[in-house]
Amino acid sequence: MGLLKAIVKVFHFNRTNWKALFLCLLAAVVFWLFNALNKTYSTNIRFPLTFAYDQQRFMPAVALPTYVTLNVSGLGWDLSRKHFGLKVPELVVPLDRPLEVRKIIGTQLAPVLEGQLGALEIKSVVTDTLFIHLDVAVTRPLAVQADLSAVRFREGFGRIGAITVEPDSIAVEGPKSIIEKLPAVLLVTPRASRVDESVRQDVEVGIPDNDFIKRSPPMVSVSFPVGRVRQVEVRVPLTIEGSRKMRGIPDSVAVRVEMEANASLRNLRETIQARATLGNSGWVTPQITGVPDWARLLRVDSVQLPRNP
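Here the structure is a predicted model, which is why all the values come from computation and not from measurement. (Residues numbered from 1 in each chain as written. Predicted model: local features only at pLDDT ≥ 70, side-chain atom pairs only at ≥ 80, totals over all residues. Heavy atoms only, no water.)

## Quick word on helix α4 (residues 106-113)
Point 1. Listed as buried for α4 are Gly106, Leu109 and Leu113. Around the axis of α4, the buried residues are gathered within 40 degrees of arc, so they sit on the same side. The exposed residues of α4 that point more than 90 degrees off its buried face are Thr107 and Pro111.
Point 2. Buried residues along α4 sit against β3 (67-75), β4 (91-94), β5 (103-105), β6 (121-125) and β7 (129-131). (Buried < 20%, exposed > 50% of the residue type's maximum accessible area, 1.4 Å probe, protein only. Helix = DSSP H or I, 4+ residues; strand = E, 2+ residues; numbered from the N terminus. Arc of directions from axis to C-beta. Contact = heavy atoms within 4.5 Å.)

## So, the pattern of salt bridges
Point 1. In total, this model carries 10 salt bridges according to the counting rule given.
Point 2. With its nearest N and O atoms 3.0 Å apart, the salt bridge here joins Arg215 to Glu204. With Arg215 in strand β16 (residues 214-216) and Glu204 in strand β15 (residues 199-204), the pair connects residues that are 11 residues apart, well separated along the chain.
Point 3. Using a relative accessible area of 19% as the deciding quantity, one classes Arg215 as buried.
Point 4. Assessed through its relative accessible area of 46%, Glu204 is described here as partly exposed.
Point 5. Note that Glu233 is salt-bridged to Arg299, the shortest N-O span being 2.7 Å. In this pair, Glu233 sits in strand β18 (residues 226-241) while Arg299 sits in strand β23 (residues 295-300), placing the two residues 66 residues apart along the sequence.
Point 6. You can call Glu233 partly exposed: its relative accessible area is 44%.
Point 7. Here the salt bridges share partners, and the residues they tie into one network are Glu233, Arg256, Arg299 and Asp301. (Salt bridge = Lys/Arg side-chain N within 4 Å of Asp/Glu carboxyl O.)

## Remarks on the layout of surface pockets
Point 1. A volume near 200 Å³ is recorded for the largest pocket.
Point 2. Residue lining of the largest pocket: Val93, Pro94, Leu95, Asp96, Arg97, Val101, Lys103, Ile104, Gln108, Leu109 and Val112, and that is the complete set.
Point 3. Of all the secondary-structure elements, those providing two or more residues to the lining of the largest pocket are β4, β5 and α4.
Point 4. The element contributing the most residues to the lining of the largest pocket is α4, with 3 residues.
Point 5. In the lining of the largest pocket, the residues fall into 7 nonpolar, 1 polar and 3 charged.
Point 6. Here the second largest pocket is characterised by a volume of approximately 170 Å³.
Point 7. Forming the walls of the second largest pocket are Tyr53, Gln55, Gln56, Phe58, Met59, Pro60, Leu64, Glu173 and Lys214.
Point 8. Among the elements that make up the lining of the second largest pocket, the one with the highest residue count is strand β2 (residues 58-60) (3 residues).
Point 9. Residue composition of the lining of the second largest pocket, grouped by class: 5 nonpolar, 2 polar and 2 charged. (1 Å grid on protein atoms, 1.4 Å probe; cavity = no way out; pocket = protein on both sides within 12 Å on 5 of 7 lines; lining within 4 Å. Points joined across faces, edges and corners; volume = space filled by probe spheres on them. Nonpolar A, V, L, I, M, F, W, Y, C, P; charged D, E, K, R; others polar.)

## Focus on the nonpolar core
Point 1. Counting 25 residues, the largest nonpolar core has Val172, Val188, Val220 and Val222 as its most contacted members.
Point 2. Elements that contribute at least two residues to this core include exactly β8 (134-146), β12 (169-175), α5 (176-179), β13 (185-188), β15 and β17 (219-224).
Point 3. Aside from chain neighbours lying at most four places away, what touches Val220 is Val144, Val165, Glu166, Pro167, Ile170, Val188, Gln201, Asp202, Val203 and Val205.
Point 4. Formed by 23 residues, the second largest nonpolar core is a distinct cluster that contains Phe51, Val68, Leu70 and Leu109. (Core = buried A, V, L, I, M, F, W, Y, C linked by side-chain atoms within 4.5 Å.)

These figures come from the coordinates and say nothing about function on their own.
See below:
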């Protein structure tokens, strides 16, 4: 009974007793922690990764790996700091022949990285394989044109003049395997709704695989005049290539055009031309040329051509 009273007395609420007890416990924890962190352990740590190569001559065609996971051993202090991202070195993998290397097996990394970890020792490479695709860096000029399919005009309004793109070409730099597949003309798509006045809009030049391509400049300015328009249907002369004097060959074709409300129909008829090639019999859609800037082709009627004897 006396022992129980003694224990109760120790833990009896007393500010001095509790403060002493807390300090003792804290000292014990600190001593244990210091003692534990001075021992050697092993653990998996994720290290940032970079590749050394001539960046003036070569560029990545796919995203390069940005980290590698290693199982390393070392003092608890060092491992703890690196586990929480403190003083983690960025490891460098040199690529002497960048066009020839497509993958690096994890076991090949240990001798390359060993000297970059300071006091830590690599026990094994957890990352199985690093996949790499570098290509020769090339620069190519590409034309830029505007596609107005996403522009919505108010009823009775439309484009009444030429589309201007400034600049009308850009330079793209990137890996050769990607740059060579790009089309000669890039389309930019300005967006606007209920348009009833002239438009000027800065539009980004979008390119697939954009992460690997540098654009100069990345933006272009697209502008075009807007005004009142009307739709008309006219017949325009039709030229048949490869034809002889044969019956049944039409000499004109009907086209539907949206044009500036005040523009002359006579000027429209004198400008537009239609052309088709005589071949197998059947219905064909002529190619239309000469549509003026203040007009937009909406529809072309098909014509039936006889068989070329």
